[in-house]
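Residue strings, one per chain:
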Amino acid sequence: MVLRRGAALLAAMILAAGAAQAQQLPDDFVYLRDLDPSIRQDIRYTGANNFVGRRLAGYDANECIVKRAVGLALVNVQRELAPQQLSLKMLDCYRPARASRDMVAWAQDGNETPAQRRYNPTFSKSELFRLGYIAANSGHSTGAAVDLTLVDLRAPKGPPFDPNRAYADCTAPEAMRAPEDSVDMGTSYDCSDAKAYTAAKSISPAQRRWRRILLGAMTRQGFVNFSKEWWHFSLPGTPRVAHDFPIRPRPR
């Protein structure tokens, strides 16, 4: 009996030590949910609703991890949006370097399905790397870059994503595109098309308004937008060291 208790205690200590090690984040990284649980999260590379069509390497949990300064700035953005009954929704935050390598390998594998073409309707996926839509070294891996959109808290919840449905491409009208349960920005997230440029003229006045609201709220907190992607923002002044630790579940 004593031996069994001792073995059980040792096993519990090993599990606890492993859990503590898994929970530690390096270099001032934080789980955004610990700073503001009201910010919605739909980390798209944890599942199939993305341009690759599957989970990417290193995305083991639907959690937004960022540098602390980035997280605090996002909290301020959320506070500004709250009176308008709007919320941020995070689509990608810290990205393990292995996930960027996974993207590059996917772009160069010589295969392309109709589902994948939804996100780059006018050219082959092999061109994504050359045209700058995919980078071997992503700013996301520093924890200083985020992809995000807006949710209108007064709107009814949208339908779930159906991986078996043949949705229209990312530039189509909202009702025909894969559902994202957010405001209509004129294109889907991760749409590799000129229509996704932040200042694109080929979208409706309402869609331009949503982009202006997001851009204004983010820039007032110091974020800089990538002009080819309405959803992509980075915070200057944060360390630019890339990391490769996996995204694991947040400790309870």
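This is a predicted model, so every value here is computed, not measured.

S.K.: I'd like to hear about the overall build of the chain, residue by residue, with values.
M.R.: For the chain, the count of helices and strands is seven helices and seven strands. When the elements of the chain are put in sequence order from the N terminus, they spell out α-β-α-β-β-α-β-α-α-α-β-α-β-β. The globule rule puts the C-alpha radius of gyration for 252 residues at 18 Å, and the 20 Å found for the chain is close to it. C-alpha atoms of the chain, sized along the principal axes, occupy 75 × 45 × 35 Å.

S.K.: Tell me about the packing of aromatic side chains, and name the residues and values.
M.R.: With the rule as written, the count across this model stands at 11 aromatic pairs. Between Tyr45 and Tyr189 the ring centres are 6.4 Å apart and the planes differ by 45°, which places this aromatic pair in the tilted class. A residue pair is termed long-range when its members are at least 10 positions apart, and Tyr45 in the loop between strand 2 (40-41) and strand 3 (65-67) and Tyr189 in the loop between strand 5 (145-152) and helix 7 (205-219) qualify at 144 residues. What makes Tyr189 buried here is its relative accessible area of 1%. Measuring from ring centre to ring centre gives 5.8 Å for Phe123 and Tyr133, while their planes differ by 25°; the resulting arrangement is stacked. Taken as a pair, Phe123 in the loop between helix 5 (114-117) and helix 6 (127-130) and Tyr133 in the loop between helix 6 and strand 5 lie far apart in primary sequence, 10 residues in all. Overall, Tyr133 belongs to the buried group, its relative accessible area being 16%. An aromatic cluster is present here, built from Tyr45, Phe51, Tyr59, Trp106, Tyr189, Trp230 and Trp231 joined pairwise through their rings. Positioned above the aromatic ring of Trp210 is the side chain of Arg209, whose terminal nitrogen or guanidinium carbon lies 5.1 Å from the ring centre. Between Lys228 and the ring centre of Tyr133, over which it is positioned, the NZ or CZ distance is 5.9 Å.

S.K.: Lay out the state of the cysteines with the relevant residues and their values.
M.R.: Taken as a whole and judged by the stated rule, the model has two disulfides. Sulfur-sulfur distance for the disulfide between Cys64 and Cys93 comes to 2.0 Å. Where Cys64 bonds to Cys93 through sulfur, the torsion about that S-S bond is close to -100°, and the disulfide is left-handed. In this pair, Cys64 sits in the loop between strand 2 and strand 3 while Cys93 sits in the loop between strand 4 (86-92) and helix 4 (97-107), placing the two residues 29 residues apart along the sequence. Note on accessibility: Cys64 and Cys93 belong to one class, buried. Note that Cys170 is cross-linked by a disulfide to Cys191, the S-S spacing being 2.0 Å. The S-S bond linking Cys170 to Cys191 shows a torsion near 60°; that makes this disulfide right-handed. On the criterion of sequence distance, the pair formed by Cys170 in the loop between strand 5 and helix 7 and Cys191 in the loop between strand 5 and helix 7 is long-range, its members being 21 residues apart.

S.K.: Would you mind going over helix 4 in detail, with residue names and values included?
M.R.: Where burial is concerned, most of helix 4 is hidden: eight out of the 11 residues are buried. Those residues of helix 4 that sit buried are Ala97, Ala99, Ser100, Asp102, Met103, Val104, Trp106 and Ala107. Buried-residue contacts for helix 4 involve helix 5 and helix 6.

S.K.: I'd like to hear about the packing of helix 3 (residues 68-81) against helix 7, residue by residue, with values.
M.R.: In a packed pair of helices, the relevant descriptors are the angle between the two axes and the axis-to-axis distance. In contact at an axis separation of 9 Å, helix 3 and helix 7 are set at 130° when each is read in the N-to-C sense. Between helix 3 and helix 7, the interaxial angle falls into the category oblique. Seen from above, helix 3 lies across helix 7 with right-handed handedness. Contacts between helix 3 and helix 7 involve Leu74, Val77, Glu80 and Leu81 on the former and, on the latter, Ile213, Ala217 and Met218. Residues belonging to the contact of helix 3 with helix 7 are distributed by class as follows: six nonpolar, no polar and one charged.

S.K.: Can you explain the nonpolar core? Please cite residues and give values.
M.R.: Leu74, Met90 and Val146 are the most contacted members of the largest nonpolar core, which has 58 residues in total. In contact with Val146, not counting residues within four places along its chain, are Val66, Val70, Leu74, Met90, Asp92, Cys93, His140, Met218, Trp231, His232 and Phe233.

S.K.: Can you break down the side chain of Asp190 residue by residue, with the values?
M.R.: By the secondary structure assignment, Asp190 is in the loop between strand 5 and helix 7. Although Asp190 lies buried, it forms no salt bridge, and the closest oppositely charged side chain, Arg95, sits 6.0 Å away as judged by the N-O distance. Separated by 2.3 Å, the side chains of Asp190 and Tyr45 make a polar contact. Not counting chain neighbours up to four residues away, the residues in contact with Asp190 comprise Tyr45, Phe51, Tyr119 and Trp231.

S.K.: Explain the sheet that holds strand 7 (residues 232-234) residue by residue, including any values.
M.R.: Here we have five strands laid out as an open sheet, ordered 2-4-5-7-6, and mixed in their pairing. Whereas interior strands pair on both sides, the edge strands pair on one side only; in this sheet they are strand 2 and strand 6 (224-225). Inspection of the sheet shows strand 4 paired to strand 5 by six bridges, in the antiparallel sense. Residue pairing across strands places Asp92 opposite Asp147, the latter belonging to strand 5. Packing of helix 3 onto the sheet brings it into contact with strand 4 and strand 5, and relative to strand 4 it is tilted by some 145°. Each of strand 4, strand 5, strand 6 and strand 7 touches helix 7; the most contacted strand, strand 5, lies at about 130° to it.

The rules behind the values
Residues numbered from 1 in each chain as written. Predicted model: local features only at pLDDT ≥ 70, side-chain atom pairs only at ≥ 80, totals over all residues. Heavy atoms only, no water. Helix = DSSP H or I, 4+ residues; strand = E, 2+ residues; numbered from the N terminus. Rg over C-alpha atoms; globule rule 2.2 N^0.38 Å. Phe/Tyr/Trp six-rings, centres within 6.5 Å; stacked < 30°, edge-to-face > 60°. Buried < 20%, exposed > 50% of the residue type's maximum accessible area, 1.4 Å probe, protein only. Lys NZ or Arg CZ within 6 Å of the ring centre and 35° of its normal. Disulfide = S-S within 2.5 Å. Contact = heavy atoms within 4.5 Å. Axes fitted to C-alpha atoms, helices over the stretch in contact; angles between N-to-C directions. Parallel < 35°, antiparallel > 145°, perpendicular 65-115°, else oblique. Left-handed = near helix turned anticlockwise from the far one by under 90°. Nonpolar A, V, L, I, M, F, W, Y, C, P; charged D, E, K, R; others polar. Core = buried A, V, L, I, M, F, W, Y, C linked by side-chain atoms within 4.5 Å. Lys, Arg positive; Asp, Glu negative; His and termini not counted. Salt bridge = Lys/Arg side-chain N within 4 Å of Asp/Glu carboxyl O. Polar contact = N/O pair within 3.5 Å; in protein donor to acceptor, adjacent residues only side chain to side chain. Pairing = 2+ DSSP bridges.

Geometry only, nothing functional implied.
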